[in-house]
Amino acid sequence: MSTSDVHLDPRLYVQISAALRGQIEDGTLKPGDALPSLGKLAASFAVCRQTAQHAVRVLVGEGLVELVPRYGYYVCESS
């Protein structure tokens, strides 16, 4: 899926994961940085918490983000 296709994709989790991926790639979110909580992500994108969680899980699957149990999601050191 190209970058232009992401913006046309109606699935909100795809758009959110693309936005977060962009922040990781441009250095806004650096390795070791915590992502906002799922609640804050949901509020900032005006979606339900499950949609925000799905978006973050996409990034986990890509190896860009990791879950640290009881602490949250963090940008991987190797990203």
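It should be noted that the structure appears before, not after, this text.
Within each chain, residue numbers correspond to sequence positions counted from 1 in written order. Two thresholds apply to this predicted model, a pLDDT of at least 70 for residue-level local features and 80 or more for giving and counting side-chain atom pairs, whereas whole-chain, interface and lining totals are computed over all residues. Calculation of side-chain values draws on the structure's entire complement of heavy atoms; hydrogens and water are dropped beforehand.

Take unusual backbone geometry next. With a phi close to 55°, A46 is a non-glycine residue in the positive phi region. Look at A46 and you get exposed, because its relative accessible area is 69%. In this structure, R70 takes a positive phi of about 70° despite not being glycine. Helix and strand definitions follow DSSP, with helices as H or I runs of at least four residues and strands as E runs of at least two, each counted in order from the N terminus. Within the secondary structure, R70 sits in the loop between β1 (65-68) and β2 (72-75). Residue burial is assigned from relative accessible area. The probe radius is 1.4 Å, only protein chains are included, and a residue is buried under 20% of its type maximum, exposed over 50%, and partly exposed in between.

Two strands pair under a simple rule: DSSP has to find at least two bridges between them. Relative to β2, β1 runs antiparallel, the two sharing four bridges. Bridging across to β2, E66 finds its partner in Y74.

Turning next to the pattern of salt bridges. Salt bridge criterion: a side-chain nitrogen from Lys or Arg within 4 Å of a carboxyl oxygen from Asp or Glu. Taken as a whole, this structure holds one salt bridge when the rule is applied. Salt-bridge contacts for E62 lead to R21; the nearest nitrogen and oxygen are separated by 2.8 Å. Taken together, the positions of E62 in the loop between α4 (49-61) and β1 and R21 in helix α2 (residues 12-25) put the pair 41 residues apart, joining distant regions of the chain. On the basis of relative accessibility, which here comes to 40%, the residue E62 falls in the partly exposed class.

L20, I24, L29, L35, V56, V65 and Y73 are the most contacted members of the largest nonpolar core, which has 17 residues in total. Contributions of two or more residues to this core are made by α2, α3 (38-45), α4 and β2. Sort the elements by how many residues they give to this core and α4 lands first, with four residues. Among all residues touching V56, those that are not within four sequence positions of it are L20, L35, L38, L41, V65 and Y73. Nonpolar core, defined: a set of buried Ala, Val, Leu, Ile, Met, Phe, Trp, Tyr and Cys residues in which side-chain atoms within 4.5 Å join the residues together. Between two residues, a contact is recorded if the distance between any of their heavy atoms is within 4.5 Å.

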